[in-house]
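For reference, the chains in residue letters:
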Amino acid sequence: MSHGTPHPPPAPVRSGVPEHGRVPKYYLVKAELGELLAELGPGGALPTEVDLAARYGAARATVRQALRELLLEGRLRRRGRSTVVAGPKIEQPLSLASYTEGVTRQGLRPHRTLIGLDRLPADPAIAACLGVAGGEPVWHLERVLRADEERIGLESTWVAVARVPRLDEDFDPAGSFYRYLRDQGVALGGAEERIETVLASPREALLVGTPPALPMLLLHRRSRDTAGRPLEQVRTLYRGDRFSFTLDLAAPTTD
C-alpha cells in the first residue's frame, strides 16, 4: 500500500477566479509568489516585503496578505527574521501505525518531548472512554511531537493504570507508546478516529511553537485491544501547515 504522493494534485478549474471574473490583487501576487517559490526551492529565502512590493508593483499590505496565506497553507516558513520556502508536508497514513512509523517511513527522525506523566483519578468522561469505574487511577501522558527536531504536534494519551502499571518506571517518553504496549504483551485490535480542524489554545500554541491563528488538525482516537475492550483515548493536535493525512480506499464489495 503506497501512502506517498508522487505528483502534486491538479489545481481546481478556474482556481482563484470568482464568477464575476475579478481576481483580488493579493491573489495575483500570491500566484506570482508561487512561481518564485518554485524557483527558490525548499529552504530558499524570500526577498523582503519592500522588495516584493516593488517587484510586483503592489502595496506592502497586499504582499503581506499573500504571504500570510502562503504561511497558513504551509508553503512558507518563518526562520528567525527571514521567510523561507517550506518543504513538502509530512504525510501520515490514517491507520493503526504509530506516529513513529509514519514519520520514519518518510526519512525523518521522530522524537517526542515529555510535558507530563501524571497518575489521576478518572473523571466520568475519561472513565466512560476507557471502560473503567469513575475514580479509578489512569495515566495522562502529554508529549510534544517532533520530526527532525521540528515541533509539529501535541499528543495527550489516557490509559488505565491497571493496563500498564509501570508506565512511569519503564517507559521511554521519547519512544513509541504502541511499541511499549506490544512489549508489555498488549495488542491493538482496532480504533475509532475522528478528525476536525481547530485553533490551538494559547498554551497549545506555545508548546507546539505556532501562532494561535494557525489552523490545526485535531485527531481523537479511541483504541481497543484484540478482545474489543477500550485501551486508550488519545487527543493529538497536528500543525495544519506541516501535516496531511492519507488513506487508501478499497472498492465496495457489493453494489
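Our subject is the structure that appears above.
All figures in this text were calculated on a predicted structure; none of them were measured in a lab.

Q: Can you break down the environment of Gly116 residue by residue, with the values?
A: Mapping Gly116 onto the fold places it in strand β4 (residues 110-121). Ignoring anything within four residues of it in the chain, the contact list for Gly116 reads His140, Leu141 and Glu142.

Q: Describe the pattern of salt bridges, with residues and values.
A: Applying the stated criterion across every chain yields a total of 18 salt bridges. Residues Glu142 and Arg203 are paired through a salt bridge, measuring 2.7 Å at the closest nitrogen-oxygen approach. Residue Glu142 is located in strand β5 (residues 137-147), and its partner Arg203 is located in helix α8 (residues 202-208); the two are separated by 61 residues in the primary sequence. Here Arg203 falls in the partly exposed class, since its relative accessible area comes to 44%.

Q: Can you lay out the sheet that holds strand β9 (residues 230-239) for me, pointing to particular residues and giving the numbers?
A: Taken together, 6 strands build an open sheet; the order of strands is β4-β5-β6-β9-β8-β7 and the sheet is antiparallel. Two strands bound the open sheet, and with one partner strand each, they are β4 and β7 (188-199). Ignoring strand direction, the axes of neighbouring strands in this sheet form an average angle of 15°. Relative to strand β6 (residues 150-160), β5 is paired through 10 bridges, and the arrangement is antiparallel. Looking at the pairing, Trp139 lines up with Val159 of β6.

About the cut-offs
- Throughout, residues of each chain are indexed from 1 in the direction in which the sequence is written.
- Restriction of local features to residues with pLDDT of at least 70 applies here, the model being predicted, together with a cutoff of 80 or more for giving and counting side-chain atom pairs; totals for whole chains, interfaces and linings are based on all residues.
- Hydrogens and water molecules were not included; the side-chain quantities draw on all heavy atoms of the structure.
- Where helices and strands are cited, they refer to DSSP runs of H or I of at least four residues and of E of at least two residues respectively, numbered from the N terminus.
- By definition, residues are in contact when any of their heavy atoms lie within 4.5 Å.
- Basic side-chain nitrogens of Lys or Arg form a salt bridge, by our definition, when they fall within 4 Å of a carboxyl oxygen of Asp or Glu.
- Each residue is assigned to one of three classes by its accessible area relative to the maximum for its type, calculated with a 1.4 Å probe on protein chains only: buried under 20%, partly exposed between the two thresholds, exposed over 50%.
- One bridge is not enough; two strands pair if DSSP finds at least two bridges between them.
- Fitting a line to C-alpha atoms yields each axis, with helices limited to the stretch in contact; the angle taken between N-to-C directions then spans 0 to 180 degrees.

Worth remembering: the numbers are spatial, not functional.
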